[in-house]
Amino acid sequence: MAKFALGSEPVVGSLALSKKRDYRVTNRLQEGKRPLYAVVFNFIDSRYFNVFATVGGNRVTVYQCLEGGVIAVLQSYIDEDKDESFYTVSWACNIDGTPFIVAGGINGLIRVIDAGSEKIHKSFVGHGDSVNEIRTQPLKPSLVVSASKDESVRLWNVHTGICILIFSGAGGHRNEVLSVDFHPSDIYRIASCGMDNTVKIWSMKEFWTYVEKSFTWTDLPSKFPTKYVQFPVFIASVHSNYVDCNRWLGDFILSKSVDNEIVLWEPKMKDQSPGEGSVDILQKYPVPECDIWFIKFSCDFHYNAAAIGNREGKIFVWELQSSPPVLIAKLSHAQSKSPIRQTAVSFDGSIILSCCEDGTIWRWDAVATS
Amino acid sequence: MASKGSASKSDPTKDSSVMGSQETSGNGKEILSVIDSVKKQVAADRSVSIKKRMEDNRQKLLGVSNHLYKLSTEGRTSRTNDSDRSIDLLTKRQKDALDMHNGVDASNGDRDSSSSQEDAHASTAVLLGSNVPVKNAVRPIKLSEVKRLPPYTTWIFLDRNQRMTEDQSVVGRRRIYYDQNGGEALICSDSEEELIDDEEEKRSFVESEDYILRMTAKETGLSDEVLESLAQCFARSPCEVKARYEILIKEEKAVGGSKNGDNEDILQNGNSFLDKDLDAALDSFDNLFCRRCLVFDCRLHGCSQDLVFPAEKQPSWCPADEENIPCGPHCYRSVLKSQRIARVSSSMNGDLEEKNVPSSGFTGTQILSRKKSSGPSARKRAKSCQSESASSNAKNISESSDSENGPGQDTTSTHHSSPPKTKLVGKCGISKRNSKRVAERVLVCMQKRQKKMLASDDCDSFVSGGLCPGDMKPKSNSCKENEDTSSSSHKNVKSPTSGRSRRKESSTQDGHKFVQSDVLDASSNDINTDPPATSSDDNLRKEEFVDENVYKQELGDNKPWKAIEKGLFEKGAEIFGRSSCLIARNLLNGMKTCWDVFQYMNCSESKLSCQVGDGANSLVEGYSKGNNEVRRRSRFLRRRGRVRRLKYTWKSAAYHSIRKRITERKDQPCRQYNPCGCQTACGKQCACLQNGTCCEKYCGCPKSCKNRFRGCHCAKSQCRSRQCPCFAADRECDPDVCRNCWVSCGDGTFGVPSQRGDNYECRNMKLLLKQQQRVLLGRSDVSGWGAFLKNSVGKHEYLGEYTGELISHREADKRGKIYDRENSSFLFNLNDQFVLDAYRKGDKLKFANHSPDPNCYAKVIMVAGDHRVGIFAKERICAGEELFYDYRYEPDRAPAWARKPEASGSKKEDGAPSSGRAKKLA
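First, a word on scope: everything that follows refers to the structure included in this document. Everything numeric here is computed off the predicted structure, so don't read it as measured data.

Digging into the environment of Asn94 of chain A
Residue and element names in this part refer to chain A. By the element assignment, Asn94 lies in the loop between strand S7 (86-93) and strand S8 (99-105). On the basis of relative accessibility, which here comes to 11%, the residue Asn94 falls in the buried class. The sequence separation of Asn94 and Lys140 amounts to 46 residues, and the corresponding C-alpha distance is 9.6 Å. Those residues in contact with Asn94, other than ones at most four positions away along the chain, are Phe100, His121 and His159.

Re the interface of chain B and chain A
Opposite the 93 residues of chain B that make contact, chain A presents 120 residues. A buried area of about 9,200 Å², summed over both sides, lies between chain B and chain A, and 55% of it is on carbon and sulfur atoms. In this assembly, chain B and chain A are joined by six salt bridges. Where chain B meets chain A, there are 32 residue pairs in polar contact (both at pLDDT 80 or more). Residue assignment for the side of chain B that touches chain A shows that the elements contributing at least two residues are helix H1 (11-22), helix H2 (26-82), helix H3 (89-101), strand S1 (126-128), strand S2 (141-143), helix H5 (207-220), helix H6 (224-234) and strand S12 (834-842) of chain B. The sheet contact formed by strand S6 (residues 71-79) of chain A and S2 of chain B spans three bridges and is parallel. Across the sheet, Tyr77 of chain A pairs through a bridge with Ile141 of chain B, a residue of S2 of chain B.

As for the packing of helix H9 (residues 278-288) of chain B against helix H24 (residues 563-576) of chain B
Helix-helix packing is described using two parameters, namely the angle between the two axes and the distance between the axes. All names here are of chain B. Two numbers describe how H9 lies on H24: the axes approach to 8 Å, and their chain directions differ by 70 degrees. Classed by the angle they form, the pair H9 and H24 counts as roughly perpendicular. Between H9, through Leu278, Ala281 and Leu282, and H24, the contact on the second element is made entirely by Ile564, Gly567, Leu568 and Lys571. Looking at side-chain class alone, the contact of H9 with H24 contains five nonpolar, one polar and one charged residues.

A few points about H6 of chain B
Among all positions of H6 of chain B, only Val226, Leu227, Ser229, Leu230, Ala231, Cys233 and Phe234 of chain B are buried. Backbone geometry just downstream of H6 of chain B places Ala235 of chain B in the positive-phi region, at approximately 60 degrees.

Re the pattern of salt bridges
This model, assessed by the stated rule, comprises 36 salt bridges over all chains. The salt bridge partner of Glu289 of chain A is Arg311 of chain A, with a shortest N-O separation of 2.9 Å. Of the two residues, Glu289 of chain A sits in the loop between strand S23 (277-286) and strand S24 (298-299) while Arg311 of chain A sits in the loop between strand S25 (305-309) and strand S26 (315-319), which places them 22 residues apart along the sequence. Relative accessible area serves as the criterion here: at 32%, Glu289 of chain A is assigned to the partly exposed category. Judged by relative accessible area, Arg311 of chain A falls into the partly exposed class, the value being 28%. Asp837 of chain B serves as the salt-bridge partner of Arg815 of chain B, at 2.7 Å between the closest nitrogen and oxygen.

Thresholds, definitions, all that
- Residues numbered from 1 in each chain as written.
- Chains lettered and ligands numbered in written order.
- Predicted model: local features only at pLDDT ≥ 70, side-chain atom pairs only at ≥ 80, totals over all residues.
- Heavy atoms only, no water.
- Helix = DSSP H or I, 4+ residues; strand = E, 2+ residues; numbered from the N terminus.
- Buried < 20%, exposed > 50% of the residue type's maximum accessible area, 1.4 Å probe, protein only.
- Contact = heavy atoms within 4.5 Å.
- Buried area = accessible area lost by both parts, 1.4 Å probe.
- Salt bridge = Lys/Arg side-chain N within 4 Å of Asp/Glu carboxyl O.
- Polar contact = N/O pair within 3.5 Å; in protein donor to acceptor, adjacent residues only side chain to side chain.
- Pairing = 2+ DSSP bridges.
- Axes fitted to C-alpha atoms, helices over the stretch in contact; angles between N-to-C directions.
- Parallel < 35°, antiparallel > 145°, perpendicular 65-115°, else oblique.
- Nonpolar A, V, L, I, M, F, W, Y, C, P; charged D, E, K, R; others polar.

See below:
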């Protein structure tokens, strides 16, 4: 990473523990033998704030967190194709509010499961290669966006099964897209990052009519006039290696590469010339032993804390919005040695889940400190 | 998966180095302490500003997440209503689990009663304390298998090739690979080519650095020592720091003055387009408009192409049969009608008569009259109306001259003698159709005469000389006309003009003196007012310099003409000749009315004649004279060339050398064509010649250029075999170049183009016209994706174009390495400069697979100066068949799967025009 000029250095968080909060392991599940790549709480529907889903191998499993560290299995789905390996899962819902689980993986298929009726709702065929991440638009939870190895990001309507937009082409990613995220308030805006070491911010403002059209489309989904969004509004070279996770923090972006840290930066766009602009790196959240790719972090509902696992099975919980950043907790357990691919933080941050390479799910609960 | 560590942060080192140098001297210490304190201040400011921004962001985000929370709960309330209709299984399971956990023990009976139909839906929730394998706890619901797509990378459809944009380049960029099959992680990089220069990139100074620099300089001055320590502090070189400081000082000074200026600039910006003159406005046009594709922002040839000005210009466009209907309420025709003054100048009439009567024998008067008709536009017209004039015979001429006198008398003071004018005569004069026709006949007759003149050798050179200046700017023609009419002694003015240009010509062409003097004699009586006369070209230029006030007065109620409007008018005159209707409508729409234009046209012309005596323009004149001479020379050469052109048919030597090159080419790739800007016939300096390509229609050189590809004369063969020189040279026919090549368009409802040849349509323009077959994309029978044909076709039928990004060979090598790793490549060697890459941009034909025994072949074809790849049927192909072609790998580059079956077969044909490279079964 390039040196910082004087006066534009980021504030780097200290790894000294603040002891603000303490977490204890309250449960540990062995889901199967295959690595688990994703775990995610349902933040779409407040009824299900304690429900989470995991994916690994050809399975999608739905759990519920109960008091006392108890986890209940609610539903389990298995793809008949044994070669499927799901990489990502996200909660969404139909326009009538039916909860959907959207999962994607190595086959490039996106499976939309109707958790309300425990049936497959739709399967989206379109991506030319594995799907690396799926995220849901919180303002319109029937819109999901997927990042794929085929170098594209696609916007789907789970209600009608339409591929609305494809973010790819002349200004698109030059290698696998690993992560994508919706802006929390600007409904037109998404950020994606990937193996071409860049983070790209896209706007679908000019294409919004197509998004609206997708809700009322009654013809075959394949006849929908899917549009290509070829030019991002901003391209940031913040990292010098694979960027495997990015999330909006308000108008800032949190992103991580394999440099043992999460970086918070502000994209400064020039309105006149789209695509150009500068990056102001504001803060850094060090995460030791986090130098392999495909490790993703997660935040609680209000973005107060972010949890990220590392290569050695430890979890770092950072207070995101304080300056300088404060390390809330460092979670470690003698038996947790396997790389943690993804964490999930519950609505209020009191529960942290981690899913590991060895197929285990760990539940950590905040302990009230006197 | 991958592992890659990296050390970051280097702030401490900066500090220590500063500390180190601190000990050098007491003075240094002082400096450093100043720098240090400023630095600390900057750092403190920075952390404060970050804190503030984080806080702002937090506040904003709090509102956002609260809103989202509301959304997620709103969902709940609305949903509870419909949950009556169908019970949500997830909710049910959730409740079961909760009940179970709470010990209420959701009994079977309870569930049966509440929702018996759900029971079929599998087991209830299972509670897990710890270490219970989940796998078997719940009966999983099967997701039926869906067939996945063969892998591909998202690509953009291109219907024509595009040049790679800069930011697409992979050269000099680091790429990290990982090996999917190798299990977890494997990052490799092509270390041999790794040039990581980006660290060395010049970093621009950030605000804070400027601040430190300014503050330090303020406190300590800017001695070498200070510079040194500052440089160390910024990790830059001292001279860099010094240079920056100088810039800062300059800026500071400028700031005070420019603050006001800025505002003005902004105000002006809104209207800046209209304030510019045409040249400035055209600048962006020149940069953005592709003259080969006739589109803006051409993706194939790019922006900022070299401007090639053709040595030969198009004749000014004349509406074939201009209607006499006024073009609008402000048309000069209607205005004139109302203002018509029945003033007849007898001299004019005489003039016309003079012109028309002598239809044979070349006398001095005739020359004079020809001059009067002011060659350029007349000649141009003659060219465009050749067929017309050819059909009109002597009878017409005599007729016309007979009837000419009548209407001619009634003309207003403004028009005569030149072709457009004669038309005006018809219109404004008596408004009789007959007269118009008559006028046209006059025209024809004049053209005829001119042609004859051109043919006669003696006069020829003179004529051209006289015409030259006017030819370049047709407007001069109208100037002359105006002189004719507005000045009472029209002859006086006119002949000087021509005399003048003649004289200029003499400076370039000595050989014509003899003729010249002849002519001078003929009109010697007119020359008395000679000296102040300007060449017609000069007149044009002067126009721009004319005081606007004059115009104001003359144009009366009208706004003054802006520079851009004048520029547009000039261009319009170049394009449309003297048609004010067309100029106003097409170029000055909304700015000037036809009447305005008409007035301006006439007034500027008359002004010229008035200003003749004005010596003030001598400077301008001199300037433009110099200019003219350069231009004129090329003009002459062109003319000479044209004469020669008749000698060179397509059988000429030039043609043979081309063919030779083609046969010689063999293994060499074709050469990329770039238009040359030669203004004369191409000599050794010609870029095309040096590059080994033919000149094309986009070159600046005249058509007579020996290096031009001459096209074909085929008719019956329809350019389908090697008999056709175009076909033999792997080129498509070009209707602009070939003699007989044409195609009909549409179903004939829009009329049929003038047929050339003997009604045989050319069959060698399919890429140009995109006459391609429908290709379908589907799962290949062999591997991955495949391309299929929708309808059956015959042998050698054109199927479609293989499009892609045009990239350099260097780029292709680099990309090829990446593609080879993925065993998927869509590179196609196009010519010596470019490789086509269809990886991210292309069309469906990129999915056609390789076969040693293919049913298609690819061919690189030159289409209108560009190389393109056409895919053709090698044999009859039935509808629905998969398309294969031989990728023709260079033997050493072929991947294993392509090598095995055809080791001998393809090598034999290595000389074939196409050679695809490393392509995978996609």
